[in-house]
Amino acid sequence: ASKGDVLDGLLTGVLRNLRVQYAYQSRRRTSRGVLEPYALVVYRNGLYVIGAALEDGAPGPLRSWAVERFKSAEHLRKQRFELPEGFNVDDHFEGAFGIFVGAEQEETEVEVEFDASVSDLVRSRVWQEGQKLKKLKGGGTVLSFRVKDTTQVLPWVYEWGPRARLIKPVALVERVREELEEWSAMYG
């Protein structure tokens with residue numbers, strides 16, 4: 001209810017190709033600037049703007065902005081922009097796992113082993129285009145897929161709790177070990 005002005009500013013910016021002056025609250029600080037909002041998308045009950053902040057007068061890299069984090073957003077009536085040539089929101093998310101598309105250019109192989117208690121659920125859904133499923137003795141399943149950004153892989157694996165075990169990539173497996181040690185110390 002308190003975001004009506006923010007939504008109006010962002011939506012007007014997207015629909016009319018108008019730049020938006022904003023204040024955005026990240027985890028650590030509030031940033032201010034001008035944004036070119038290219039699209040609004042819904043992901044997991046959240047609304048996101050896909051766009052680029054101006055850096056030295058030119059659009060920076062594309063990123064996803066969570067609408068609820070905008071403290072203010074006001075479209076600038078006389079500051080139109082052109083969408084980047086060939087921009088397509090579906091193409092933007094190609095190879096992504098979730099809403100965030102980072103700077104990683106090479107695809108990373110992800111492999112997760114699920115136990116038998118959730119195997120049917122895992123097998124009944126497409127989690128990532130091009131995924132592969134391997135049935136294990138005992139009823140478990142190994143799901144493998146390739147992504148260009150691994151930002152949301154760990155939170156997704158954590159949602160499964162002890163019913164999922166990350167196998168690849170090794171760098172993320174190491175992060176899981178480190179984080180579990182921190183959690184264990186925190187909870188005794």
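Okay, so let's go over this structure.

### Thoughts on the pairing of strand β8 (residues 132-135)
So, point 1. Bridge count for β8 against strand β9 (residues 141-147) is 4 bridges, and the pairing is antiparallel. Of the residues in β9, the one forming a bridge with Lys135 is Thr141.
So, point 2. Counting the residues that bridge the hairpin from β8 to β9 gives 5 residues, and of these Gly138 lies at a positive phi of roughly 95°.

### Considerations on the pairing of strand β3 (residues 46-55)
So, point 1. Most of β3 is tucked away: 7 of the 10 residues are buried.
So, point 2. Two strands pair when backbone bridges link them, and β3 and strand β5 (residues 63-66) are joined in this way by 4 bridges, in the antiparallel orientation. Residue pairing in the sheet places Gly51 in a bridge with Arg63 of β5.
So, point 3. Bridge analysis of β3 against strand β4 (residues 58-59) gives 2 bridges, and the strand direction is antiparallel. When the sheet's bridge partners are listed, Glu55 is paired in β4 with Ala58.

### Looking at the environment of Thr141
So, point 1. Tracing the backbone shows Thr141 in strand β9.
So, point 2. The spatial distance from the C-alpha of Thr141 to the C-alpha of Leu76 is 52 Å, given a sequence separation of 65 residues.
So, point 3. Excluding residues within four positions of it along the chain, Thr141 makes contact with Val112, Glu113, Phe114, Ser119, Val122, Arg123, Leu133, Lys134 and Leu136.
So, point 4. A polar contact of 2.3 Å, which involves the side chain of Thr141, links it to the side chain of Ser119.

The rules behind each value
Residues numbered from 1 in each chain as written. Predicted model: local features only at pLDDT ≥ 70, side-chain atom pairs only at ≥ 80, totals over all residues. Heavy atoms only, no water. Pairing = 2+ DSSP bridges. Helix = DSSP H or I, 4+ residues; strand = E, 2+ residues; numbered from the N terminus. Buried < 20%, exposed > 50% of the residue type's maximum accessible area, 1.4 Å probe, protein only. Contact = heavy atoms within 4.5 Å. Polar contact = N/O pair within 3.5 Å; in protein donor to acceptor, adjacent residues only side chain to side chain.

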